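# Structural features, examined
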Amino acid sequence: MSSNLVDLDSWRALPAAQQPDWPDPGELDKVVAELGGLPPLVFAGECDQLKDQLAAVARGEAFVLQGGDCAETFAGATADNVRNKLKTLLQMAIVLTYAGKVPVVKIGRVAGQFAKPRSKSTEIRDGVELPAYRGDMVNGFEFTPEARRPDPWRLLKAYHSSAVTLNLARAFTKGGYADLRQVHAWNQDFVAESPAGRRYEKLAREIDQALAFMRACGADPEEFHTVEFYSSHEALILDYDRALTRIDSRTGLPYDVSAHMVWIGERTRQLDGAHVDFFARIRNPIGVKLGPSTTPEEAVSLVEKLNPGNEAGRLTFITRMGASKIRESLPALVKEVSATGARVAWICDPMHGNTFEAPSGHKTRRVDDVLDEVAGFFEVHRSLGTHPGGIHIEFTGDDVTECVGGGHEIGETDLATRYETACDPRLNRSQSLDLAFQVAELYRG
Ligand SMILES: O=C[C@H](O)[C@H](O)COP(=O)(O)O
Ligand SMILES: C=C(OP(=O)(O)O)C(=O)O
């Protein structure tokens, strides 16, 4: 067995946070063996293409739009859901590209985002205590002992749901749906009812005119007809991502081919932990979430462990500080990491530091806080002369009522109207477009 493969299992000797308490390890072994024989979901060469694009992001030449569900569900792997999510991502990307005048790297939180770290390992309702829901990859959302019992066979279902989702995403992005001539079509069901939709429609008309002019000049580049779209998820359940880690036939190097990009979450980025060890050995572009408690020394140590060769595009820091903390917590991290000469892309997750519980008991976020954290992210990087490289958001293409505020002024008492998330509150389509317009203005400066 090559040294790479042997190294790939060294994480098993280290503490691994947030792992399910599988009732029967023997069943897990059977699932892992079966997963290990299944085809890759992505090609290592595509991972390298994304790495090149993230290198451009780190140089300030491109901008990341990374987003999707907080937690994907097996039931959500449908054509309508994938199309609606993609449609919103494409609309946001168009706004950023046209209004922000910057190439946009489109990465979905899709086709693998089926596992969730939790603040508490159990949940109590009316005196009944059950294991917390950890995502469809682990257990069921229903509050029953049967549903909440971790089931390793769900790992296989997560693989197949990921394959279905990725297949749909590839079909939509390469098969004409993402053609720029659809720029109005993506908005048809939206424009009348939403201020953001009407604002988008004005921009779409300008784009149409620009496209007509380009065609009249004889220009009709392929980039107008398809888009590059990449998959990503938090590689939380290491048995899943290890089983889908394969040696690339071109380079002899290991890639986690469950997705183009994977990231380490805020709760699993321990320097001496299993996740950092595993991530240090795969060659994908990788991300690490950094919360307000991150010290500059930790950030520098993460660079040293995860990208000792200072490979361009390899490492992205996804900061999730909270609107009230970003302006004080981010500068020292950026300064210290930049002082080492590390080639790191910095993107902002304006969601996870801004969660609170509404009086109704729903977890929610204020759109104003989301917008303010992104503004703070740009302010810090502009003041330091570094690059605000992108945003990482939880959104849906549906008109859910999960985050308060935005163009439709959703109030805390409206949350129950259409609260559908399996874990954390997501921006709805209108709120997502509002965010894209603000980011475009911030990017232009
Ligand atoms: O998405 C991130 C985490 O999985 C989530 O915020 C945890 O939620 P909890 O604090 O309700 O466990
Ligand atoms: C769990 C997540 O975020 P964090 O690790 O930053 O809490 C997430 O992005 O789903």
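Residues numbered from 1 in each chain as written. Chains lettered and ligands numbered in written order. Predicted model: local features only at pLDDT ≥ 70, side-chain atom pairs only at ≥ 80, totals over all residues. Heavy atoms only, no water.

### Some words on the site of ligand 1
- Lining the immediate surroundings of ligand 1 are Cys70, Lys116, Pro117, Arg118, Ser119, Arg267, His352, Lys363 and Asp424.
- One of the backbone nitrogen or oxygen atoms of Pro117 is found 2.6 Å away from an oxygen atom of ligand 1.
- In the environment of ligand 1, an oxygen atom lies 2.7 Å from a nitrogen or oxygen atom belonging to the side chain of Asp424.
- Its free accessible area being 340 Å², ligand 1 has 83% of it covered by the protein chains.
- Among the residues making up the shell around ligand 1, the classes are represented as two nonpolar, two polar and five charged. (Near = heavy atom within 4 Å. Polar contact = N/O pair within 3.5 Å; in protein donor to acceptor, adjacent residues only side chain to side chain. Areas by Shrake-Rupley, 256 points an atom, 1.4 Å probe, with all protein chains shown as cover. Nonpolar A, V, L, I, M, F, W, Y, C, P; charged D, E, K, R; others polar.)

### Observations concerning unusual backbone geometry
- Here the phi dihedral of Asp126 falls at roughly 50°; this positive angle occurs in a residue that is not glycine.
- Within the element layout of this structure, Asp126 appears in the loop between strand 3 (122-125) and strand 4 (128-131).
- Positive phi is not limited to glycine here, since Glu409 has a value of about 50°.
- Along the chain, Glu409 falls in the loop between strand 14 (390-394) and helix 13 (429-444).
- For Glu409, a relative accessible area of 60% puts it in the exposed group. (Helix = DSSP H or I, 4+ residues; strand = E, 2+ residues; numbered from the N terminus. Buried < 20%, exposed > 50% of the residue type's maximum accessible area, 1.4 Å probe, protein only.)

### Some words on the UniProt feature "binding site: phosphoenolpyruvate" (unreviewed entry) in the chain
- Here the UniProt-annotated "binding site: phosphoenolpyruvate" (unreviewed entry) positions come out as Arg109, Glu266, Arg267, Lys289 and Arg320.
- Within the secondary structure, Glu266 is located in the loop between strand 8 (261-264) and helix 9 (274-281).
- Once residues within four sequence positions are removed from consideration, Glu266 is found in contact with Lys289, Leu290, Gly291, Ser293, Thr294 and Arg320.
- Of note is the side chain of Glu266, whose polar atom sits 2.9 Å from the side chain of Arg269.
- Secondary-structure assignment places Lys289 in strand 9 (residues 286-290).
- With relative accessibility at 6%, the residue Lys289 sits in the buried group.
- Once you skip the residues sitting within four places of it in the chain, Lys289 turns out to touch Trp263, Ile264, Gly265, Glu266, Arg269, Ile318, Arg320, Asp349, His352 and His392. (UniProt positions renumbered as here; feature names shortened; annotations may be inferred. Contact = heavy atoms within 4.5 Å.)

### As for the packing of helix 4 (residues 79-100) against helix 6 (residues 153-174)
- Where helix 4 meets helix 6, the axes come as close as 10 Å, and the angle between the chain directions of the two elements is 50°. Put simply, helix 4 runs oblique to helix 6. Between helix 4 and helix 6 the crossing geometry is right-handed. For the pair helix 4 and helix 6, contact is made by Ala79, Val82, Arg83 and Leu86 and by Thr165, Leu168, Ala169, Phe172 and Thr173, respectively.
- A per-class count over the contact of helix 4 with helix 6 returns six nonpolar, two polar and one charged. (Axes fitted to C-alpha atoms, helices over the stretch in contact; angles between N-to-C directions. Parallel < 35°, antiparallel > 145°, perpendicular 65-115°, else oblique. Left-handed = near helix turned anticlockwise from the far one by under 90°.)

### Some points on helix 12 (residues 367-384)
- With 18 residues, helix 12 ought to run about 26 Å at 1.5 Å a step, and its terminal C-alpha atoms sit 26 Å apart, in line with that.
- Of the positions making up helix 12, those classed as buried are Val367, Val370, Leu371, Glu373, Val374, Ala375, Gly376, Phe377, Phe378, Val380 and His381.
- Tucked into the core, helix 12 has its buried residues touching strand 1 (63-68), strand 10 (315-319), helix 11 (326-339), strand 11 (344-348), strand 14 and helix 13.
- Downstream of helix 12 by one or two residues, Gly385 has phi in the positive range, about 75°. (Expected span 1.5 Å × (residues − 1).)

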